[in-house]
Amino acid sequence: MNLEAIRSIYMFEMARMRRTLLQSVVSPVITTSLYFVVFGAAIGSRMQEVEGVSYGAFIAPGLIMLTLLNQCIGNGSFGIYFPKFTGTIYEILSAPVSMIEIVIGYVGAAATKGLIVGAIILATASFFVDISIAHPFVMVLFFVLTAVSFSLFGFMIGIWAKDFEQLNLFPMLIIPPLVFLGGSFYSISMLPPFWQAVSHFNPVLYLVSGFRWSFYEIADVSPVVSFLTVLAFLAVCLAITAWIFKTGYKLKN
Amino acid sequence: MAPIVSIRNLTKSYATGFTALKGVDLDIEEGEILALLGPNGAGKTTMISIVCGIVTPSGGTVTVAGNDVIRDFRKTRSIIGLVPQELTLDAFETVWNTVAFSRGLHGCRPDPALIERILRDLSLYDKKDTMLRHLSGGMRRRVLIAKALSYEPKVLFLDEPTAGVDVSLRKDMWQLVERLRASGVTIILTTHYIEEAEEIADRIGVINHGEILLVEDKRALMAKLGRKQLTVELAEPVAAVPEALSPYGVALRDDGTRLVYEFDRAGERTGIASLLSALSQAGLRVRDVSTEQSSLEDIFVALVGEGK
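Quick notes on the rules
- Residues numbered from 1 in each chain as written.
- Chains lettered and ligands numbered in written order.
- Predicted model: local features only at pLDDT ≥ 70, side-chain atom pairs only at ≥ 80, totals over all residues.
- UniProt positions renumbered as here; feature names shortened; annotations may be inferred.
- Helix = DSSP H or I, 4+ residues; strand = E, 2+ residues; numbered from the N terminus.
- Rg over C-alpha atoms; globule rule 2.2 N^0.38 Å.
- Buried ≥ 20, exposed ≤ 12 C-beta atoms within 10 Å, placed from the backbone.
- Contact = placed C-beta atoms within 7 Å.
- Pairing = 2+ DSSP bridges.
- Axes fitted to C-alpha atoms, helices over the stretch in contact; angles between N-to-C directions.

As named in an unreviewed UniProt entry, chain B is ABC transporter ATP-binding protein, taken from Shinella pollutisoli. On record in UniProt, under Sequence similarities (unreviewed entry), the comment for chain B is "Belongs to the ABC transporter superfamily."

In the annotation of an unreviewed UniProt entry, chain A is listed under the name Transport permease protein and assigned to Shinella pollutisoli. Per UniProt, the comment on chain A under Sequence similarities (unreviewed entry) is "Belongs to the ABC-2 integral membrane protein family."

Next up, the structure:
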């Protein structure tokens, strides 16, 4: 195991985060604060509780997930796409590092950044609403597994993308609808039966639901099913990543 | 002694159907400087990329210090340094960080003293905290070299190291190559500046259309293929080569004012003396005589031209 290489890639990526502190940390905090002002304070004050939880508190796990997914996919994809774009990838490919080490370095850094920003959002949320965490261990488990699997997902997008348009396709066009329609801002039991059924095909529903359960013990789907869904997603991402490195897909000629 | 890099029947075809390498065999001896000459698209960069692990070969084998570059990639890549042709650097990193990064990537523990020495050697130390995007082209080239030297490779590939580099920096680069060789590093450089190969290489390989046309010791190559040319300027032009001179195979040039005679300087007899006496016997008055030696460039052009 080339531990120095993992450390180098990891530190390199974390240094990039420090350089872009404003967009990495400050921007999601402001965005989330706006959500709480609009949904929590302005609209939420006129709404009933959702399943026994105040509306502002109800949306907090969904908002944390939204930020976590965006950060992880964004960082994971950009980290590997940028060397491909500038050509500095030659150095990674010609270094004595294995696929596992490259993935640990890039994905580890992307997940760390996602977790840091997610934790900051959680702190920001608790500033606006009362948040209780019923199952801290489960919460952390969901938090970390989601961060790792979506950073890996981002990494795959970064390898697949051939231009900036494709790079932004997922974070801009695919993730927001999935999050908004995945019960982040409502319980799907509020929907008509047809849309409830459709929602079950949305993987983000399982994430948000499981994550929210760890806070308030309320869920749209069983937390066990949520947990298994995250694990399955992680397994699929790992398998695809292994295939990418085996074939050199879009990395090597 | 076994060669440090051994390439056997190496082939590469791209998905587009283009064949970049057609069965290349090449041995590189430890401690030598080998210059690979070839026009653009000859396959030089593809070959280097396969040795370094950036491109997957279609067939054949490459070993570095006895290890297969695919099976034992950790061993081979730890001792290979690569300075790519393109000036690919992260825009927002500093000089120091990018060099330290390369060292770490190759599994070496941080060594600030070594990095300082490398940067000083390359006159980059006062720029160590400068962001890479603020550097000039020549400095970026040196940063790429510093990165490749940061983990003290035993085999160094320099892909067009002096392309777009001014004359004084080119001379610096040659001195650096000389110093590296003195410390025992094997150097393979690609170039299409013949002057460069002539100046610093021990051996010269010529590659074109994905094939190695020849690999020779530089001096042997110059001696073997280096034809000399004797040009005789006549006082009065002649219409045709006189009968008496036909055994020499001289050619008439410039409206009959010059006679050109080619000879092999490595040969026992150059034939110059007898040619000159034959000239005076034929009654031709000579105004001037000059000789020229063909350069590596002429050799190269002749070789590559044959392949067309």
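> Before we move on, could you go through the overall build of chain A and cite the residues and values that matter?
Of the regular secondary structure elements, chain A holds ten helices and zero strands. Ordered by position from the N terminus, the helices and strands of chain A form the series α-α-α-α-α-α-α-α-α-α. Here the C-alpha atoms of chain A give a radius of gyration of 19 Å, agreeing with the 18 Å that 2.2 N^0.38 yields for 253 residues. Its C-alpha atoms give chain A principal-axis dimensions of roughly 60 × 35 × 35 Å. Within chain A, the fraction of its 253 residues that count as buried is 44%.

> Account for the overall build of chain B, naming residues and giving values.
Broken down by element type, chain B carries ten helices and 14 strands. Expected size for 308 residues packed as a compact globule is a radius of gyration near 19 Å; at 25 Å, chain B overshoots this value by more than 25%. A principal-axis box enclosing the C-alpha atoms of chain B has dimensions of 80 × 45 × 40 Å. Buried residues in chain B amount to 37% of all 308 residues. In chain B, once contacts between residues fewer than 6 apart in sequence are set aside, the share between residues at least 24 apart is 70%.

> So what's going on with the UniProt feature "transmembrane region" (unreviewed entry) in chain A? Which residues, and what values?
Residue and element names in this part refer to chain A. Mapped onto this numbering, the UniProt entry gives "transmembrane region" (unreviewed entry) at residues 21-43, 55-82, 103-125, 137-161, 173-195 and 224-245. Taken end to end, residues 55-82 is 100% helix and 0% strand, and its two terminal C-alpha atoms sit 40 Å from one another. Secondary structure over residues 103-125 splits into 100% helix and 0% strand, and the C-alpha atoms at its two ends are 32 Å apart.

> So, the sheet that holds strand β2 (residues 19-28) of chain B: which residues are in play, and what are the values?
Residue and element names in this part refer to chain B. Within the open sheet, the four strands sit side by side as β2-β1-β4-β5. Their pairing is antiparallel. Of all the strands in the sheet, just β2 and β5 (67-68) have a single pairing partner and so form its edges. Sheet contacts for helix α1 (residues 44-52): β1 (5-13), β2 and β4 (59-64); angle to β1, the most-contacted strand, approximately 115 degrees.

> If you had to explain the UniProt feature "domain: ABC transmembrane type-2" (unreviewed entry) in chain A to someone new, which residues and values would you point to?
The positions that UniProt labels "domain: ABC transmembrane type-2" (unreviewed entry) are, in the present scheme, residues 19-248 of chain A. The distance separating the terminal C-alpha atoms of residues 19-248 of chain A is 31 Å; by composition the span is 78% helix and 0% strand.

> Tell me about the pairing of strand β10 (residues 211-217) of chain B, residues and numbers included.
Residue and element names in this part refer to chain B. As defined by bridge partners, strand β9 (residues 203-208) adjoins β10 across six bridges and the pair is classed as antiparallel. In the strand pairing of β10, I207 is matched with I212. Hairpin connection between β9 and β10: a loop of two residues separates the two successive antiparallel strands, and H209 in this loop has a positive phi of roughly 50 degrees.

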